[in-house]
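Below, each chain spelled out in residue letters.
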Amino acid sequence: MARSVDLNSDLGESFGAWTMGDDDALLSVVTSANVACGFHAGDPVTMLATCRTAAERGVAVGAHVSYRDLAGFGRRSMEVPADELQAETLYQLAALDGIARVAGTRVSYVKPHGALYNRIVRDTVQARAVAEAVAAFDASLALLGLAGSEIEREAGAAGLRFVREAFVDRAYRADGTLVPRSEPGAVLHGDDDIAERALRLVTEGRVVADDGTDIPVEVDSLCVHGDSPDAVVMARAVRRRLDAAGIAVEAFA
């Protein structure tokens, strides 16, 4: 049985006058913060404020890189050439790392966002572009993603540490991939059921898929999406349940 796990959330996604999520509350619960780098959400002011709060609370900072898609919140499928994707990943990493250092912390890992995250589960070319960009920037950075994916294989080929992620608030298919957000039931809600689901993911490495089958899921880090309306409630419930079970909740980075 696993005795420790990371708890991460997608944060820093406000933009200008538009506010997304309760970053301050979540940064009191999670151990790793995936900070938007300006391509799907976030802006320089938000990035700096998020990094400062993370630094104050000892929360690890990760670069939440994405397709250049502010209008679609990075959740629209896009055809981006590999060399362009590699350069844009480097651009986002460099921007957040510079801001993080001024805030008294540093980027210690990378987590792709949205459509890019899902694309590189199966797309070797785009997975390689992301992995090579991270390795070129700093080969000591960890790469966070779905277990058994192309990005896991490409991270290994690039000499990067790969951290396996599971989602407490997303439905799974029988093949271990996520149910697309466009389908009913893709995003889960509640607190007690979510907390029990999270505990089982950590202690048993299993979850019930959307077709009712019980599937294995390898996990080093659990994610609660910061843009969910009940994100804070879910995160607190998950943290309480893990603490009560004697699971150490700590950053992997």
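Residues numbered from 1 in each chain as written. Predicted model: local features only at pLDDT ≥ 70, side-chain atom pairs only at ≥ 80, totals over all residues. Heavy atoms only, no water.

**Student:** When you look at helix α7 (residues 192-204) in this model, what are you seeing that I'm missing?
**Tutor:** Spacing of three or four residues puts side chains on the same side of an α-helix, whose turn is 3.6 residues. Given a rise of 1.5 Å per residue, 13 residues ought to cover 18 Å, and the 18 Å separating the end C-alpha atoms of α7 matches this to within 8%. Those residues of α7 that fall on the buried side of the exposure criterion are I194, A195, R197, A198, L199, L201 and V202. Elements that come into contact with the buried residues of α7 comprise β1 (4-11), β6 (161-167), β7 (206-208), β9 (221-224) and α8 (231-244). G205 sits one or two residues past α7 and shows a positive phi near 65°. (Helix = DSSP H or I, 4+ residues; strand = E, 2+ residues; numbered from the N terminus. Expected span 1.5 Å × (residues − 1). Buried < 20%, exposed > 50% of the residue type's maximum accessible area, 1.4 Å probe, protein only. Contact = heavy atoms within 4.5 Å.)

**Student:** Even after reading the chapter, I still don't get the packing of helix α3 (residues 82-102) against helix α5 (residues 124-137), so can you show me in this structure?
**Tutor:** Helix packing for two helices is described by the angle between their axes and how far apart those axes are. Between α3 and α5, whose axes approach to 8 Å, the crossing angle comes to 40°. In terms of their interaxial angle, α3 and α5 are classed as oblique. In this structure, α3 crosses over α5, and the sense of that crossing is right-handed. Touching A82, L85, Q86, T89, L90, L93, A94 and D97 of α3 are V125, Q126, A129, V130, E132, A133, V134 and F137, all from α5. (Axes fitted to C-alpha atoms, helices over the stretch in contact; angles between N-to-C directions. Parallel < 35°, antiparallel > 145°, perpendicular 65-115°, else oblique. Left-handed = near helix turned anticlockwise from the far one by under 90°.)

**Student:** Whenever I open this one, the pattern of salt bridges confuses me. Can you help?
**Tutor:** Should the charged atoms of two oppositely charged side chains come close, the side chains can pair. One pass over the structure, following the stated rule, counts 20 salt bridges. With its nearest N and O atoms 2.7 Å apart, the salt bridge here joins R200 to D214. Residue R200 is found in helix α7, and its partner D214 is found in strand β8 (residues 214-216); the two are separated by 14 residues along the sequence. Given the relative accessible area of 25%, R200 is considered partly exposed. A relative accessible area of 33% places D214 in the partly exposed class. In this structure, the salt-bridge partner of D243 is R239, at a minimum N-O distance of 3.6 Å. Pair noted here: D243 and R239 are both in helix α8, with a separation of four residues, about one helical turn. One network of salt bridges, in which partners are shared, links R200, E204, R206 and D214. (Salt bridge = Lys/Arg side-chain N within 4 Å of Asp/Glu carboxyl O.)

**Student:** I would appreciate a short explanation of the side chain of E154 in the present structure.
**Tutor:** Relative to the helices and strands, E154 resides in helix α6 (residues 150-157). E154 sits in the buried class, given a relative accessible area of 11%. Among the polar contacts listed, one links the side chain of E154 to the side chain of R128, at a separation of 3.0 Å. Every residue in contact with E154, bar those within four places of it in the chain, is listed here: T124, A127, R128 and A131. (Polar contact = N/O pair within 3.5 Å; in protein donor to acceptor, adjacent residues only side chain to side chain.)

**Student:** Got a minute to help me understand the side chain of D43 in this structure?
**Tutor:** Inspection of the secondary structure assignment puts D43 in the loop between β2 (32-36) and α2 (44-57). Here D43 sits buried without a salt bridge, and the closest side chain of opposite charge, R52, lies 11 Å off (N-O distance). One polar contact links the side chain of D43 to the main-chain amide nitrogen of G16, over a distance of 2.6 Å. One polar contact links the side chain of D43 to the main-chain amide nitrogen of V45, over a distance of 3.2 Å. Look past the residues within four positions of D43 in its chain and what remains in contact with it is S14, F15 and G16. (Lys, Arg positive; Asp, Glu negative; His and termini not counted.)

**Student:** So what exactly am I meant to see when it comes to the state of the cysteines here?
**Tutor:** As used in these notes, a disulfide is a covalent bond between sulfur atoms, one from each of two cysteines. Enumeration over the complete set of coordinates arrives at zero disulfides. Free of any disulfide, C223 has its nearest neighbouring cysteine sulfur in C37, separated by 15 Å. (Disulfide = S-S within 2.5 Å.)

What is shown is where atoms sit, not what they do.
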